[in-house]
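Chain by chain, the residues run as shown.
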Amino acid sequence: MSKVKIPVHNLQGDVVEEVELEDSVFDVPFREAVVHQAVTRQLANMRQGTASTKTRGQVVGSTRKLFSQKGTGRARRGSIKSPLLRGGGIVFGPKPRSYRQDMPKKMRQLAFKCALSDKVREGGLWAVDDLNVERPRTRDVAALLASAGAPRKSVIVTADSMPALALSARNLQGATVVPCFILSTLDVMNCDRLIVTVPALRKMETIWGSKGSSDESA
């Protein structure tokens, strides 16, 4: 099986080696329709759907006729709760509802692989040898982002949950730390630079590779 090769950098941004990636995960032809559907689904599922308005029957107000039917020269008004008046009811306004969308598992996996492959082809996937953060230190993560080209939005992908690294990046605008097993298509498409550790790359190949069977989050 053919492999895709990308350079691996250290924390200073120097290339230290090359790593081979499985083409079944990182060299998939881009399917715009599938990726669009996956991103739209994730954005829709994030909506709370709690927006609500009142119709004229739900607005609290007097039922007295505002003024005489004839003789005033004005338009006829029967209720202060009319949608034509300020403070009245809303016509065809939003009501609480679910915006949730479903998508087959294989389509979600395909969209995720397409997004990863597109990042590799565009040079947006930046591999680092490893990130050993013993205690929160924002300066270290800022130096890493600077060596990666100071992207406006970046996602740092780790093999496992790293609370110290997440705290180190919390105060940096546009930087997010995500474990590889919960990385989503939206995360990949919405960042300028995807910074991934080598252990995370291997774990992603295990999860989403030709022999993997796990499902993508979100």
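Read on for a plain summary of the structure. (Residues numbered from 1 in each chain as written. Predicted model: local features only at pLDDT ≥ 70, side-chain atom pairs only at ≥ 80, totals over all residues. Heavy atoms only, no water.)

1. Some remarks on the sheet that holds strand β6 (residues 193-197)
Rules: By definition, two strands form a pair when at least two bridges between them are found by DSSP. By the criteria applied, helices consist of DSSP H or I runs no shorter than four residues and strands consist of E runs no shorter than two, each listed in order from the N terminus. Only C-alpha atoms enter the line fits that serve as axes; for helices the fit covers just the stretch in contact. Angles between N-to-C directions range over 0 to 180 degrees. Contacts are assigned to residue pairs with any non-hydrogen atoms lying within 4.5 Å of each other.
Pairing within the open sheet is mixed, and its 6 strands lie in the order β2-β1-β3-β6-β4-β5. Each end of this open sheet is capped by a strand with a single partner; those strands are β2 (15-22) and β5 (175-179). Direction aside, neighbouring strands of the sheet carry axes that sit 30° apart on average. In the sheet, strand β1 (residues 3-9) pairs with β2 via 7 bridges, with the strands oriented antiparallel. Pairing of V4 across the sheet is with L21, part of β2. Contacts from helix α4 (residues 138-147) reach β3 (125-128), β4 (154-158), β5 and β6 within the one sheet, and its direction differs from that of β4 by about 110°.

2. Digging into the side chain of S117
Our working rule: The classification of residues rests on relative accessible area computed with a 1.4 Å probe and restricted to protein chains. Under 20% of the type maximum is buried, over 50% is exposed, and intermediate values are partly exposed. Polar contact is the term for a pair of N or O atoms within 3.5 Å; when the atoms are in protein, one must be able to donate a hydrogen and the other to accept it, and sequence-neighboring residues count only if both atoms are side-chain atoms.
For S117, the location among the structural elements is in helix α3 (residues 105-122). Judged by relative accessible area, which is 0%, S117 ranks as buried. There is a polar contact of 3.2 Å between the side chain of S117 and the backbone oxygen of V25. Contacts of S117, omitting those with residues within four sequence positions, involve V25, F26, D27 and V28.

3. Things to note about the packing of aromatic side chains
Keep this limit in mind: Stacked, edge-to-face and tilted are the three classes for Phe, Tyr and Trp ring pairs, Trp counted by its six-membered ring, which pair at centre distances within 6.5 Å; planes under 30 degrees apart are stacked, over 60 edge-to-face, the rest tilted. Note on criteria: charge over ring means Lys NZ or Arg CZ within 6 Å of the ring centre, with the direction from the centre no more than 35 degrees off the ring normal.
Taken as a whole and judged by the stated rule, the model has 1 aromatic pair. Centroid distance F112 to W208: 4.4 Å. Interplanar angle 45°. Geometry classified as tilted. Taken together, the residues span a long stretch of sequence, with F112 in helix α3 and W208 in helix α7 (residues 198-208) at a distance of 96 residues. Both residues of the pair, F112 and W208, count as buried. Sitting above the plane of the Y99 ring, R47 keeps its charged end 3.6 Å from the centroid.

4. Some thoughts on the pairing of β5
Inclusion rule: Whether a crossover is right-handed depends on one test, that the path from the first strand over the helix to the second runs clockwise when the strands point away from the viewer.
With 4 of 5 residues buried, β5 lies mostly within the body of the structure. Sheet topology places β4 next to β5; 5 bridges connect them, and they run parallel. In the strand pairing of β5, T158 is matched with P179. Handedness of the β4-helix α5 (residues 163-169)-β5 crossover: right-handed.

5. Comments concerning the pattern of salt bridges
Which entries qualify depends on this criterion: We define a salt bridge as a contact between a side-chain nitrogen of Lys or Arg and a carboxyl oxygen of Asp or Glu at a distance within 4 Å.
A complete count under the given rule lists 6 salt bridges for this structure. The residue R121 makes a salt bridge to D27 at a minimum N-O spacing of 3.7 Å. Placement of R121 in helix α3 and of D27 in the loop between α1 (23-26) and α2 (32-45) is noted, with a sequence separation of 94 residues between them. When the shortest N-O distance is used, the salt bridge between R137 and D140 registers 3.2 Å. Assessed through its relative accessible area of 30%, R137 is described here as partly exposed. A residue is classified by how much of its surface remains accessible, and D140, at 41% relative accessible area, is partly exposed.

These figures capture arrangement, not role.
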